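# Fold and contact review
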Amino acid sequence: MQLPADYHMHTPLCRHAAGEPLDYARRAVEIGLTEIGFSDHSPMERDDFDDWRMADRQLDEYVAKVRLAQAAFPQLTIRLALEVDYLPGQEDWIGRLAARHPWDYFIGSVHYVSDAWDIDNPAKLAEWKRLDAFAVWQAYFQRLTQAAGSGLFDIIGHADLPKKFGIRPVQDCRPLYQEFLAAAAGAGCAIELNTAGLRKDCREIYPGPELLRIARQQHVPITFGSDAHAPHEVGLNFAEAVALARDAGYTEARRFNRRQHEPVHF
Ligand SMILES: [Zn+2]
Ligand SMILES: [Zn+2]
């Protein structure tokens, strides 16, 4: 079986990943992938916003590292992309970022439900104990819905990220999923199947089967990503991700080139 493209991988520029793009590309070839994409954490408008992304002045260096991997592995299609944090009010900044290089796609991710709380940050796990889980999910999906409808992104990253630490609301979350996926469908935005969830406390691909079934009903396209922060994580658990996608009724994914898309069968 030809594995789908791995569209979510990082570089050491974000300060919490290991291995150069060359090492990720070598690993991709080793495991038989034919297409990958680098989507490292984009800079914020202010470099002091947090400490887990590249600085603005490193953007050209990032592009150069990806170009180096492209030149070294001509047999592998390597896309140039970013994982961009969506925060309301950042739309103009994200638009300017898009104009700076010939990106193949932007993954829009929500990590922050407020300017101060990145909900997937283990150092801020105590916040989860202060707040009602459903309130966090509501705030998160409200932002994710805005991100999907903004037209700024080709793919929405790890759509049910709040489950990362295994803390889940008892309430029915389907209305939140439906609202988000209607926005994604309306904007023609894809969602990714992100296998990093299997390596976290939630032990489940992002998104879970329930969200993915609704996505399929709403004709929301998909991509695949390992969210690799080290070369050995490239393409990890992709067979499981493909099985999950097939169970939900998907037979094709999207691939991107200069922010144009085409379907590819898997
Ligand atoms: Zn990261
Ligand atoms: Zn992310």
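Residues numbered from 1 in each chain as written. Chains lettered and ligands numbered in written order. Predicted model: local features only at pLDDT ≥ 70, side-chain atom pairs only at ≥ 80, totals over all residues. Heavy atoms only, no water.

### Re the overall build of the protein
- When its secondary structure is counted, the protein shows eight helices and eight strands.
- The C-alpha radius of gyration of the protein comes to 17 Å, within 12% of the 18 Å expected for a compact globule of 266 residues.
- Each of the three principal axes of the protein carries a C-alpha extent, and together these read 50 × 45 × 30 Å.
- Counting all 266 residues of the protein, 57% fall into the buried class.
- Taking as baseline every contact in the protein between residues at least 6 positions apart, the subset at least 24 positions apart corresponds to 75%. (Helix = DSSP H or I, 4+ residues; strand = E, 2+ residues; numbered from the N terminus. Rg over C-alpha atoms; globule rule 2.2 N^0.38 Å. Buried < 20%, exposed > 50% of the residue type's maximum accessible area, 1.4 Å probe, protein only. Contact = heavy atoms within 4.5 Å.)

### Structural notes on the coordination of the zinc ion (ligand 2)
- Donor atoms from the polypeptide that bind the zinc ion (ligand 2) are Glu83 (OE), His111 (NE2) and His158 (NE2), placed at 2.1 to 2.3 Å.
- Positions of the donor residues of the zinc ion (ligand 2) along the chain correspond to the pattern E-x27-H-x46-H.
- Between the zinc ion (ligand 2) and the zinc ion (ligand 1) there is a metal-metal distance of 5.6 Å. On the criterion of sequence distance, the pair formed by glutamate 83 in strand 2 (residues 77-85) and histidine 111 in the loop between strand 3 (105-109) and helix 4 (126-130) is long-range, its members being 28 residues apart. In this pair, the class of glutamate 83 matches that of histidine 111, namely buried. (Donors = N, O, S within 2.8 Å, 3.2 Å for Na, K, Ca; no water.)

### A closer look at the side chain of arginine 143
- Following the sequence through the fold, arginine 143 ends up in helix 5 (residues 133-149).
- Look at arginine 143: it is buried, it has no salt bridge, and the nearest opposite charge is aspartate 115 at 4.8 Å.
- Leave out the neighbours within four places in its chain, and arginine 143 touches Tyr86, Leu87, Pro88, Val110, Tyr112, Val113 and Ser114. (Lys, Arg positive; Asp, Glu negative; His and termini not counted. Salt bridge = Lys/Arg side-chain N within 4 Å of Asp/Glu carboxyl O.)

### Overview of the pairing of strand 8 (residues 260-265)
- Buried residues are scarce in strand 8, accounting for zero of its six residues.
- Where strand 7 (residues 252-257) lies against strand 8, six bridges are found, and the strand directions are antiparallel. Each residue of the ladder has a partner; that of arginine 254, found in strand 8, is proline 263.
- Hairpin connection between strand 7 and strand 8: a loop of two residues separates the two successive antiparallel strands, and arginine 258 in this loop has a positive phi of roughly 50°. (Pairing = 2+ DSSP bridges.)

### Considerations on unusual backbone geometry
- Here tyrosine 206 and proline 207 are connected by a cis peptide whose omega angle stands at -5°.
- Mapping proline 207 onto the fold places it in the loop between strand 5 (190-194) and helix 7 (209-217).
- One non-glycine residue, arginine 15, lies in the positive phi region at around 75°.
- Mapped onto the elements, arginine 15 comes out in the segment before helix 1 (21-30).
- If you check the backbone angles, histidine 158 has positive phi at about 25° while not being a glycine.

### Some remarks on the state of the cysteines
- Tallied over the entire structure, the rule returns zero disulfides.
- The thiol of cysteine 173 is not disulfide-bonded; the next cysteine sulfur, from cysteine 202, is found 14 Å away.
- Given the relative accessible area of 7%, cysteine 173 is considered buried. (Disulfide = S-S within 2.5 Å.)

### Describing the coordination of the zinc ion (ligand 1)
- Only His16 (NE2), His41 (NE2) and His229 (NE2) from the protein reach the zinc ion (ligand 1) as donors, at distances of 2.0 to 2.1 Å.
- In primary-sequence terms, the residues that donate to the zinc ion (ligand 1) follow H-x24-H-x187-H.
- A relative accessible area of 4% means that histidine 41 is categorised as buried.

### Focus on helix 2 (residues 59-72)
- The terminal C-alpha atoms of helix 2 lie 20 Å apart, and with 14 residues this matches the ideal 20 Å at 1.5 Å per residue to within 8%.
- Those residues of helix 2 not exposed but buried are Leu59, Tyr62, Val63, Lys65, Val66 and Ala69. Summarising the axial view, the buried residues of helix 2 lie within an arc of 155°, below the 170-degree limit, and thus occupy one face. Structural note: helix 2 exposes Asp60, Leu68 and Ala71 on the side pointing more than 90 degrees away from its buried face.
- Residues of helix 2 that are buried in the fold lie against helix 1, strand 1 (35-41), strand 2 and helix 3 (91-98). (Expected span 1.5 Å × (residues − 1). Arc of directions from axis to C-beta.)

### Quick word on the nonpolar core
- If you look at the biggest cluster of nonpolar residues, it comprises 82 residues, and the most contacted ones within it are Tyr62, Ile191, Ile222 and Phe224.
- Each residue touching phenylalanine 224, except ones within four places of it in the same chain, is listed here: Pro4, Ala5, Asp6, Tyr7, His8, Leu193, Phe238, Ala241, Val242, Ala245, Ala253 and Phe266.
- Counting eight residues, the second largest nonpolar core, distinct from the first, contains Ala5, Tyr7, Ala190 and Phe256. (Core = buried A, V, L, I, M, F, W, Y, C linked by side-chain atoms within 4.5 Å.)

### Things to note about the pattern of salt bridges
- Under the defined criterion, the tally for this structure stands at 19 salt bridges.
- Here arginine 46 and aspartate 48 are joined by a salt bridge, their closest N and O atoms 2.6 Å apart. The pair arginine 46 / aspartate 48 is uniform in exposure class, with both members exposed.
- Residues arginine 100 and aspartate 56 are paired through a salt bridge, measuring 2.8 Å at the closest nitrogen-oxygen approach. Linking arginine 100 in the loop between helix 3 and strand 3 with aspartate 56 in the loop between strand 1 and helix 2, this pair joins segments that are 44 residues apart in sequence.
- One salt-bridge network, in which partners are shared between bridges, spans Glu35, Arg79, Arg255 and Glu262.

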